[in-house]
Structure formats: structure tokens, C-alpha cells
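# Inside the fold
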Amino acid sequence: MATYPYAYTPSIFPGAYTTAQPKPGAIPAYPFYLQAIQQLPGASQMSDTIKNALMLVGQIQHLPRDEAYIRQLGVDLIFKNGAEALNLILQKQPRVEFGDMGDSKAHAQWIKEQNLIMINQKYKNNSSREALYAISEAIYHEAGHVARLGDNQASIQEETNCLALNTLANRFHAYNDPAYANSSSDSRLIADGVALYPKLFFDSDPNKQGLVNRIIEKYGMLPPETPDHPIPRTPYGLSLVDRILRQIQQNNTMQWVA
Ligand SMILES: [Zn+2]
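Residues numbered from 1 in each chain as written. Predicted model: local features only at pLDDT ≥ 70, side-chain atom pairs only at ≥ 80, totals over all residues.

## A few points about the overall build of the protein chain
Each helix and strand counted, the protein chain has eleven helices and three strands in total. In sequence order, the secondary structure elements of the protein chain are arranged as α-α-α-α-β-β-β-α-α-α-α-α-α-α. The 258 residues of the protein chain split such that 37% are buried. Counting contacts in the protein chain only where the partners sit at least 6 residues apart, residues at least 24 apart contribute 72% of the total. (Helix = DSSP H or I, 4+ residues; strand = E, 2+ residues; numbered from the N terminus. Buried ≥ 20, exposed ≤ 12 C-beta atoms within 10 Å, placed from the backbone. Contact = placed C-beta atoms within 7 Å.)

Now the structure itself:
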């Protein structure tokens, strides 16, 4: 079973959960999106995997309690839902393609100069349902970077905001499709990737120490904030990124003493 800790109140998103679970080949068709995706640059060479993943992006909803929880951590959610992200992609028309990311462990990357959302080609030959979910979650994250200024200048706050997007998308998919939540897939895309951040964001530790350490490890070298992704001032104590900055300071002090 999915470990969704709350009683879900369907009335908040009427109808959102009544459709069949999306499956490759049986994704509920939104003809407008499909048509628009076909018109994206490079669509004629776009793999079905990416087209299906984009369709899934358009369907992502934030589970209401998840969203409230994430917001109170001091995260600025860039999109209300996946439809907003897909609309942005349809407007800004980045290419979405598999590409060689070398030794990078990243699943995807936004490259502004090429107006390109690159998906790690390691995942190219995996068109399982799990992989489609995971790729759609990675695209949701990258669409967060495309939004607002859409520049290459990331920050700890911006990455945190984008990580929250793939986290919410993963929770949504896992809630709707318990088989995905329980998938014992050894695919790194899932185990070490999209399934990791939901664990860290929803860790019962109120200090979110695991998440703080992970973000420092991956993004600690970035500036704290960027003009389009300022650190939110929360009325109740330190925001997540404030906590990250304090931890970085402590780590530096400890190195100095050592
Ligand atoms: Zn990112």
C-alpha cells in the first residue's frame, strides 16, 4: 500500500481521481495537449517515451495536504499543477530530448542556451510505466527552472523549489498508483532519484536533517538565492533554506576548528 498518511478528501479536486490510472498506451488523452506536443520543435523525432512523459506532466496534481506541508517548510511552489508546467513548455517551446550527460548522475538538465530540457539518455530504453512516471517528475523539476527568468543561474532556493515539484509529483503518482509506490525497481532513476526526495521532504524529523545534508551535498556550492527565487520569509522560525545556510556555516566553522 502507498503510505499516504492522510485521509484524502476528494472534493478538493473533483473528478481528479476518477479516471483510470495512466499507463503507457492508455494515458487518458487530452487531445489539445497531444496536438500541442506534436507541434513542439523536434516532435517528429521525439520518442514516444518523452511524448507520454509530457502527457503525464500535464496531469500532475498536488495532493492538498502535501502542498500545505511543503509550503510551510518555506518552499515557493513554482506551479499550481502539472498543467501549468506543460503550458509553459508549450509556450516557451524548449526541445525535450534524451542526451548524453556524461558521468552526471542527474536525471535531467535545463540548458538555456539551447532551449533544451535534456533527459539523461541512460533512461532512453526504458519505457516501463515506472520510468514514464519518473521521467515526467524529472521534467516537472526542469520546467521549474524554465519558469520565471528561465536562466542558467540556479541557487539553493531555486533547486529546493524545483525539488519540491518532483517530490509532489512523485507523491501524486504513488498515491494514485500504489504499485509505483511499492516498486522494488533497482533503477537508479527511481530508487536514488525521484523516490529519494519524497522520503527526505516527508521525513518525520522536524529538522529535516537528511534533506538539509542532501541539498548541501548536491547544491551547497550555489548562491543561496536568485532574484526570481528569493528565500521566503516564514513567520514561524527558519525556512528550509535558512536551515541549510546555517548548517553550511556550522560545517565551515567545524572545518576551521579542525
Ligand atoms: Zn534542478
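Structure shown, so let's carry the discussion forward.
## Quick look at the sheet that holds strand β3 (residues 116-120)
Spatially, β1-β3-β2 is the arrangement adopted by the three strands of the open sheet, whose pairing is mixed. Bordering the open sheet on either side are β1 (95-99) and β2 (108-111), each of which pairs with just one other strand. Sheet twist, expressed as the mean angle between neighbouring strand axes with direction ignored, is 25°. Pairing between β1 and β3: five bridges, direction parallel. Across the sheet, residue V96 finds its bridge partner in β3, namely I117. (Pairing = 2+ DSSP bridges. Axes fitted to C-alpha atoms, helices over the stretch in contact; angles between N-to-C directions.)

## A word on the environment of K112
Checked against the element boundaries, K112 lands in the loop between β2 and β3. When the 14 C-beta atoms within 10 Å are taken as the criterion, K112 is described as partly exposed. Separated by 38 residues in the primary sequence, K112 and G150 place their C-alpha atoms 7.1 Å from one another. In contact with K112, not counting residues within four places along its chain, are G150, D151 and N152.

## As for the packing of helix α5 (residues 129-146) against helix α6 (residues 156-176)
Packed helix pairs are characterised by how far apart their axes lie and by the angle those axes make with each other. Taken N-terminus to C-terminus, the directions of α5 and α6 make an angle of 150°; their axes are 8 Å apart at the nearest point. The orientation of α5 relative to α6 falls into the category roughly antiparallel. Considering only the axes of α5 and α6, their crossing is right-handed. Two secondary-structure elements touch here, α5 through Y133, S136, E137, A138, Y140, H141, G144 and H145 and α6 through N161, C162, L163, L165, N166, A169, N170 and H173. (Parallel < 35°, antiparallel > 145°, perpendicular 65-115°, else oblique. Left-handed = near helix turned anticlockwise from the far one by under 90°.)

## Side note on the nonpolar core
Among the nonpolar cores identified, the biggest contains 56 residues, and L54, V57, I135 and I139 are the most heavily contacted of them. Residue contributions to this core peak at ten residues, all from α5. For V57, the residues in contact, after removing those within four places along its chain, are G82, A85, L86, S136, I139 and Y140. (Core = buried A, V, L, I, M, F, W, Y, C linked by C-beta atoms within 7 Å.)

## Some points on the pairing of β2
Going residue by residue along β2, you find A108 and W110 tucked away on one face and Q109 and I111 left uncovered on the opposite face. Both β2 and β3 contribute to a ladder of four bridges, which runs antiparallel. Note that in β3 the partner of Q109 across the bridge is M118. Where β2 folds back on β3, the antiparallel hairpin that results is connected by four residues, among which N115 adopts a positive phi of roughly 45°.

## Some details on the environment of L168
Mapping L168 onto the fold places it in helix α6. A count of 28 C-beta atoms within 10 Å places L168 in the buried class. Taking the C-alpha atoms as reference points, L168 and H62, separated by 106 residues in sequence, lie 5.8 Å from one another. If we ignore the near neighbours within four places in the chain, the residues touching L168 are H62, D66, E67 and I70.

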